[in-house]
Structures are given as C-alpha cells and as structure tokens.
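Overview (structure and organization)
Given next are the chains, with one letter for each unit.
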Amino acid sequence: MSLRGYIVKRVIYIVPVMLGITLMNFTLINISPGDPVIVRLGLLKCETPECYNSAYNREAIEMGLLDNEMYTVPWFERYIDFVNDLLHFDLGRSWYNTQAGVGIPISQLISERMVYTITLNVLSFVFSLLLATAIGVVSATRQNSIWDRSLTIAMLLGYSMPLFWLAKLIMLLSYSLFNFTGVVSKDAFKTPLILNPDFYKYLILPTLALTLGGLVFMARLVRSQLLEILRQDYVTTAKAKGLDNRAVIYKHAFRNGLLPIVTIIGNSLPGLLSGSVMVESVFGWPGLGTLFLEGALFRDYPLMMATNTIFPLLFLIARLLTDITYVFIDPRIKY
Amino acid sequence: MATVDKEVETDEFLLDEKTLREIETMKGAGQWSIVWRRIKKDKMGMLGLYIVLFLIMMALVSWILLMVDNWLTNANLLLGDPNNPASLNNLYIELWYPGMDQSNPIVLFQHPRYQFADQSTLPPSWEHPFGTDRLGQDMLSRVFFGASVSLALGFIGQMTTVIIGTVLGSIAGFYGGIIDNVLQRVVEILYSMPSFILMIFIIVLFEDVQIPGGKYAVVIVFFSLIGWGGTALIIRSNFFSLKEQDFVEAERALGASDMRIIFRHILPNSLAPLIIIITLGIAGVIFTFAALAFFGFGDPNAISWGDDLNKWQNNLLDYPWMPMFPALFIFFTVLGFNLLGDALRDALDPRLKD
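Residues numbered from 1 in each chain as written. Chains lettered and ligands numbered in written order. Predicted model: local features only at pLDDT ≥ 70, side-chain atom pairs only at ≥ 80, totals over all residues. Heavy atoms only, no water.

**Points about the side chain of Glu280(A)**
Residues and elements named next belong to chain A. The condition is simple: Only DSSP runs of H or I with at least four residues qualify as helices, and only runs of E with at least two residues qualify as strands; both kinds are numbered from the N terminus onward. Exposure categories follow from relative accessible area, calculated using a 1.4 Å probe and restricted to protein chains: below 20% of the type maximum is buried, above 50% is exposed, and the middle band is partly exposed. A positive count includes Lys and Arg, and a negative count includes Asp and Glu. His and the chain ends are not counted in either. When a carboxyl oxygen of Asp or Glu lies within 4 Å of a side-chain nitrogen of Lys or Arg, that pair is called a salt bridge. Definition of a polar contact: a pair of N or O atoms within 3.5 Å, with one able to donate and the other able to accept a hydrogen when the atoms are protein atoms, and with sequence-neighbouring residues admitted only if both atoms are side-chain atoms. Contacts are assigned to residue pairs that have any heavy atoms within 4.5 Å of one another.
As for its position among the elements, Glu 280 is in helix α11 (residues 269-283). Among buried Asp, Glu, Lys and Arg side chains, Glu 280 stands out as unpaired, with Arg 113 the closest opposite charge at 7.2 Å. In terms of polar contacts, Glu 280 uses its side chain to reach the backbone amide nitrogen of Gly 289, at 2.7 Å. Each residue touching Glu 280, except ones within four places of it in the same chain, is listed here: Thr 117, Leu 120, Asn 121, Trp 285, Gly 287, Leu 288, Gly 289 and Thr 290.

Laid out in structure tokens, this is it:
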C-alpha cells in the first residue's frame, strides 16, 4: 500500500473511534441522575410556578429533550441529532458564557481559545523534546558520572512532583525574584498577538511549567532507550571502525532509538493534554483547558460535551501525525 | 589470560564471574527471597520502601487514633458533651484507659477539625510545627490525619482498577476471538480520552448521587470503571504468550479445566507485572485524586491532602506553609511509590534494567 493510502486509512479510522467517544459522553449525560433542564434553570431566575413551567418547557424543547408536541424524544434520535450537528460544526450554545442574555455559540468560543492552547502546547512540546534529547544523550553517554547521577535524581524528583504544584512553585519563585506572578491579565491578548510583547511575557511561565512537566517524562525515556542501544553490537562495530563518539551517537544510536521514543510519546499525549489543562488553569491562560474547567465548575453541559469531543479529536490527530512520522524515521516500515 | 581463569566450565556453558556470583546469591532461595535480595541492594528502592512503610504506618495510626477518639467521645467515657463542638473532648485526640481520671486524659493532638479563630494563620512554631491555617486548624494535625484518606483513596482506586483490568484482560487473553476484539476497541476509545478530563466530566455529571462513603466513593467507582484499560492490555498480552507455553499444553493434555489453568498456572505467572502495575499505579492514582481535589472536584468536607491544598492554594504567596505541607506529603508519597515501583520492576524482571 502506498503512503497516501495508509494515511487515508488512518484518517478514516478516526471516525469510529470518535463515534465511540461521543456515544460514551452522550450515554454518561443520559444516565446521570438529575434533570439537565433543572441544572440549566439553576442559572435562570423565576418567581411564579407558571413562569418556571413555561421556562422548563421552552428549555426542554430547545435542548431537544421534548419535541414540539411535548413528547419525549428517544435517546437515539437525540444522539443522531447531536452527531448531525457536530458534522455541521454546530456545537450548540454555551449556558454559562453569555452575551446580552444569549449563550455564545460554542464553536465560536472554541475557535477563539484554540489558538492559545495550541501555541502553548506546541511550544512547550518542542522545547521539552529538544531538552529531553539533550539531557538523555548527556546522561546515557556519561553513564554513572556525576552529571548522569544528578540529572537522574532531578528527573526523578520532577517526575514525582504534581504538575499543578510545579506550576504554583514556579509562580512563587518568579514572584519572589521578579515580582511577577505570571497570572494572565487582559492586556496580554490584544490583537495582533504576534506583535504584542505582553503576550510573550505572559507566555513564558506557562510554557516553562508545561515544558518541565513533559521534560521529566521524556528524558527518562530517551536515557533508557539510548543506554539499551549503546550496548548493541553495531555500536561497538561503529566504534571499532574508528568513528568518533559524536557520529556513533547521532548517526547510529540515536536514529535507532527514535522509533520506540516516538511510540511512547504518541501514546502519552492524553497525559500531556491533561497537563495543559492543569497549567492553563493555574496561570489563568484562556485556552481550551480553562474553558473546560470553567464549564465544569458551572455545570455548562453543552460546553463540556463540546470540549470532550475536541480533546480526543486533538489527541487522535496528534497520534495520526506520530504514526506518519514513523515512516520518515524508519525506512524499513512499508505500508 | 586473567579473564579466562575466572570462567568455569560447566556441562554446556561458559559462565563469567558476574553470573557465577549471581548464581551464588540465588542458590537455594525461592523466587520472592531472590527479589527481596535484589531490592535490598537497590539503595533508591530501599529509600522508597522506607517512605512507603512510614506513610502506611502514619495512615494506619491516624485512622486508629481517630476511631478510638470517636468511640471515647460517643461512649461518654470522657467528660464533656459529644454534641457540642466546643467541648473539650471534641477539640483534642485523647487516649484514656479504665481507671484514669475522666476529666484529665492524655492529650495527644489537636483534633483536625479543631478551629480557633484567634489561632489562625500562625507561622510554624513549637506549638504548631506546621503552622495553622486560616480557620485556626493545626496543619500538622490536618496533614497527619489526612494521610489515611489520601492513601486509602490511592490503594482502593488502584486495587479496583487492577481487579477489573485483570478479570477482563484474562478473559480476552485466554479466549481471544470476538471478546478480545471488543475489549481492544473499548480500550482504544477509553485511551483516546485524557482520563483527567473524563474524570472531571463524570464527577460534574454525577455530583448529586448519594451513596454511602460520600463523594469520593462515586469518584472511585467511576475511576475504576474507566481506568482498567492499561492493566487489561498487559495481562492480555501476558496470557497470549503464556497459553502457548509447553507447561500449559501439558496441563491441558492431563485434562485440566480452563479455570484450573487460569488460576493455578497462568495467573501466578502474571504476578510480577501485576505487582509492578499496582505499585507504580498507586502513585498515579494518588496524583490524579490530588489533582481532582486541587481543581475543586474533591470533597471539601473530607480531611485529605488534596482538599487542603485546594483550600489554601491561593495563600501560597502570603502564607506559604498552608499549602506547602500537604503538597510536600503528596510529593513524598508519589516519590516513594515511584522509587519502590522502579526497584520492584528491576528486581522482578532484571532484563528490563538499564
């Protein structure tokens, strides 16, 4: 099979997984106790029972729980509706985020916030990948030296440190050194973002926290992979034929170590996304994570449904990309 | 020639000195005593073991003390009104034995729920080694009694997850076929959701459920329902490789039932990965529950490290000791279990060692 055929197959494969995920989320909302309409009405105010009843009916019809003749809509019809709306990028209106009394369309909210999450995540992912490689190579080539020992212990301590707490500690440190907590303020997001120096200023600390969070995880991996490969026979051969250390490590050892590293990093992406939710929320970074957490705290069901569809989709796309990179890393893989 | 001298020729193999030493230490020892000897050599692993043992002791002692104190208070063995929160027997953790003066028991600790407005926000001192929080509760007492809930959550959460994962993974691995296919698809879907986000989603939806055990019982039930995928996959692949082995074939030829093969032969052989999953997993579970509590999805009435951290997280800049001590204990717990888990993995499966 050609590479293009493989990619098309992998893209199509996302569809059943996404269907499963939306079905799971949908079922969870359906079997949860309590009436979502009442949760919704908790944000509205009504004095008389008549007003309450009419508001209840109006909301129930709007949410698709009742049809216009006041009959209950069966769950599978609602699910088909939901998927249909999803395919038209219609994610409904938020309950909590309102503008002039009407909920803001969620697709608008998400497309506004998506930029911030992607900037933060891609930046810190690239940084942590580069740093993890450097640290892993230093540790593995100088095994049991003082560098290796101190780096290993530092990685172990970092690995055990809860990420949200690491973010808080970075905040404390920056506050005591520069009198700057890094908690985001409004002027950081004046457009155009590229030309806004405040945006970069407020980007530093969240990126640092998220980078450290990914770094401690990846560096351990790179080190153990490289150590295993440096013990292989072909490395000894490469050394024996007189290649210098640099060529042995980068040309022979490192390329072969990349494949398992890419696999594990691809599988750990949901963890990295969870980490981004934590860091965003600590620094008040207005990305998808903060949007989701706010929605959850105020029980904004449509918003939670939407973010719960977006996050796995982002993850599946990222995993698709890692799978495609295999082909470029390892010429033996044929599809 | 020096190296050749140290090699000993056995019937078939040439063994070098290191392997010989290994054989010497293992001679006449069972599998578990070999594992124990390997762990004893691992300094970091022993440190992890000590941390874990210390925390388990702390959790047990605090749980027993709280039980004894509740019983003493409710049985009216001490002077004072059990229903009045300001009464002396509600303010401290006491020890009392028959024959002792009822008005003067041994006072051990401040009760973790003991609040005094005039003692709020005190920095660490002799009287309050970890300081006091905004409500005037002693942080040492909060952290000490928080251990039982925090560790119990980690243990129960991980054990239920592993049990579900083992049962499903064994069935899928042993029978294969369509069961295995279904299981793999389900795990695929569960794995595509970031579990932290899915947990928050579920906690919000099921906020109103009333079951005995409070909010954390609901959290644990759903945590184990969505978290079993990793264990199931590992056990499944273990079953796949083991069921083709000769000893299983031999047992089957002797007429053993499926149940006997699973429980007497394959499962005991899968014990090593299970132990590693449990130890390393507890660290992850404690971390997840602390994170959930930190972002406000815990039980605000429970005495646990995560919930204390959530309450005082915004006081880090002005009263750093309030969130710092619960966070330190979460850190040490996760560190201890990680160290112990790494050491166990090296000891149980030396092929994986660096």
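**A closer look at the interface of chain A and chain B**
What counts is decided by this rule: Two parts placed together each lose some accessible area under a 1.4 Å probe, and adding up what both lose gives the buried area. Charged means Asp, Glu, Lys or Arg here, nonpolar means Ala, Val, Leu, Ile, Met, Phe, Trp, Tyr, Cys or Pro, and polar covers whatever is left, Gly included.
Counting residues at the interface gives 52 residues for chain A and 47 residues for chain B. Counting the surface lost from both chain A and chain B, the interface buries some 4,300 Å², and carbon and sulfur atoms represent 77% of this. In this assembly, chain A and chain B are joined by 2 salt bridges. Sorting the residues of the side of chain A that touches chain B by element identifies α1 (3-31), α6 (146-160), α7 (163-178), α8 (197-230), α11, α12 (288-297) and α13 (301-329) of chain A as the ones contributing at least two each. A breakdown of the residues in the side of chain A that touches chain B according to their chemical character gives 37 nonpolar, 9 polar and 6 charged.

**Some points on the confidence of the model for chain B**
All names here are of chain B. Filter applied, for reference: Confidence scores here are pLDDT values: one per residue, from the predictor, ranging 0 to 100.
On average, residues of chain B carry a pLDDT of 80, and 85% of them reach 70 or more. Of all helices and strands in chain B, the one with the weakest mean pLDDT is helix α1 (residues 2-6) (46), whereas helix α6 (residues 139-175) scores best (89). Low pLDDT, under 50, characterises residues 1-6; the stretch is placed with 3 contacts to residues that sit more than four places away or in other chains. Reported for the predicted complex are a pTM of 0.84 and an ipTM of 0.83.

**What to know about a negative patch on the surface**
Let me state the cut-off plainly: Grouping into patches uses exposed residues only, defined as over 30% relative accessible area, and leaves out salt-bridged ones; the cut-off is 9 Å for like charges and 5 Å for nonpolar side chains (Val, Leu, Ile, Met, Phe, Trp, Tyr). Throughout, the Shrake-Rupley method with a 1.4 Å probe supplies accessible areas, and for residues the shown protein chains are the sole cover considered. Where a charge lies is defined by one atom per residue type, namely NZ (Lys), CZ (Arg), CG (Asp) and CD (Glu).
Judged by side-chain charge, Glu77(A), Asp81(A), Asp85(A) and Asp90(A) come together as a negatively charged surface patch. As for its position among the elements, Glu77(A) is in helix α4 (residues 75-87).

**A few points about the packing of helix α5 (residues 106-141) of chain A against α11(A)**
All names here are of chain A. Convention followed: Between the N-to-C directions of two axes lies an angle of 0 to 180 degrees, each axis being a line fitted to C-alpha atoms and, for a helix, fitted only over the stretch in contact. Comment on the angle field: the value is read as roughly parallel under 35 degrees, roughly antiparallel over 145, roughly perpendicular from 65 to 115, and oblique elsewhere. Handedness of a helix crossing follows the sense of rotation of the near helix relative to the far helix, less than a right angle counterclockwise being left-handed and clockwise being right-handed.
Relative orientation of the contacting elements α5 and α11 amounts to 120 degrees, with a least axis distance of 11 Å. By the angle between their directions, the pair α5 and α11 is classed as oblique. By crossing handedness, the relation of α5 to α11 is classed as right-handed. Contact residues: Thr 117, Leu 120, Asn 121 and Phe 125 in α5; Leu 269, Leu 272, Ser 276 and Glu 280 in α11. Tallied by class, residues from the contact of α5 with α11 come to 4 nonpolar, 3 polar and 1 charged.

**Topic: the nonpolar core**
Selection rule: Here, the term nonpolar core denotes a set of buried Ala, Val, Leu, Ile, Met, Phe, Trp, Tyr and Cys residues that are joined through side-chain atoms within 4.5 Å. As annotated, the domain borders come from an automatic or database domain assignment.
The biggest cluster of nonpolar side chains holds 138 residues, and the ones touching the most others in it are Leu28(A), Phe164(A), Trp285(A), Ile200(B) and Phe295(B). With 15 residues, helix α15 (residues 321-348) of chain B is the single largest residue contributor to this core. When we break this core down by domain, the ones giving at least three residues each are domain 1 (34-90) and domain 2 (109-329) of chain A. When neighbours within four sequence positions are excluded, Phe164(A) is seen to be in contact with Met278(A), Val282(A), Phe287(B), Ala290(B), Ala291(B), Phe294(B), Phe295(B) and Leu309(B). By size, the runner-up hydrophobic cluster in this structure holds 24 residues, among which are Ala132(A), Met218(A), Val248(A) and Ile249(A).

**Topic: the packing of helix α7 (residues 177-192) of chain B against helix α10 (residues 229-242) of chain B**
Residues and elements named next belong to chain B. Interhelical geometry of α7 versus α10 gives an angle of 145 degrees and a closest axis separation of 10 Å. Note that α7 runs across α10; the crossing there is left-handed. Side by side, α7 and α10 meet where Asp 180, Leu 183, Gln 184, Val 187 and Tyr 191 of the first sit next to Gly 229, Gly 230, Leu 233, Arg 236 and Phe 240 of the second. Across the contact of α7 with α10, the residue classes break down as 5 nonpolar, 3 polar and 2 charged.

**Observations concerning the pattern of salt bridges**
Summed over all chains, the structure comprises 10 salt bridges over all chains. In this structure, Arg260(B) and Glu251(B) form a salt bridge, with 3.0 Å as the shortest nitrogen-oxygen distance. Overlapping salt bridges bring together Arg220(A), Asp342(B) and Arg345(B) as one network.

**Quick look at empty space enclosed by the protein**
Residue and element names in this part refer to chain B. Our working rule: Of the grid points, spaced at 1 Å and generated over the protein atoms alone, those admitting a 1.4 Å probe that cannot get out make up cavities, while open sets with protein on both sides within 12 Å along at least five of seven lines make up pockets; any residue with an atom within 4 Å of a point is treated as lining. Grid points are joined across faces, edges and corners, and a volume is the space filled by probe spheres set on the points.
In the structure shown here, the tally under the stated rule is 2 cavities of 30 Å³ or more. Every residue lining the largest cavity is listed: Ser 150, Leu 153, Tyr 216, Ile 286, Phe 289, Ala 290, Ala 293, Ser 304, Trp 305, Gly 306 and Ile 330. With 4 residues, helix α13 (residues 271-294) is the single largest residue contributor to the lining of the largest cavity. In terms of residue class, the lining of the largest cavity is built from 8 nonpolar, 3 polar and no charged. Within this model, the second largest cavity holds a volume of roughly 50 Å³. With 3 residues, the top contributor of residues to the lining of the second largest cavity is helix α9 (residues 215-226).

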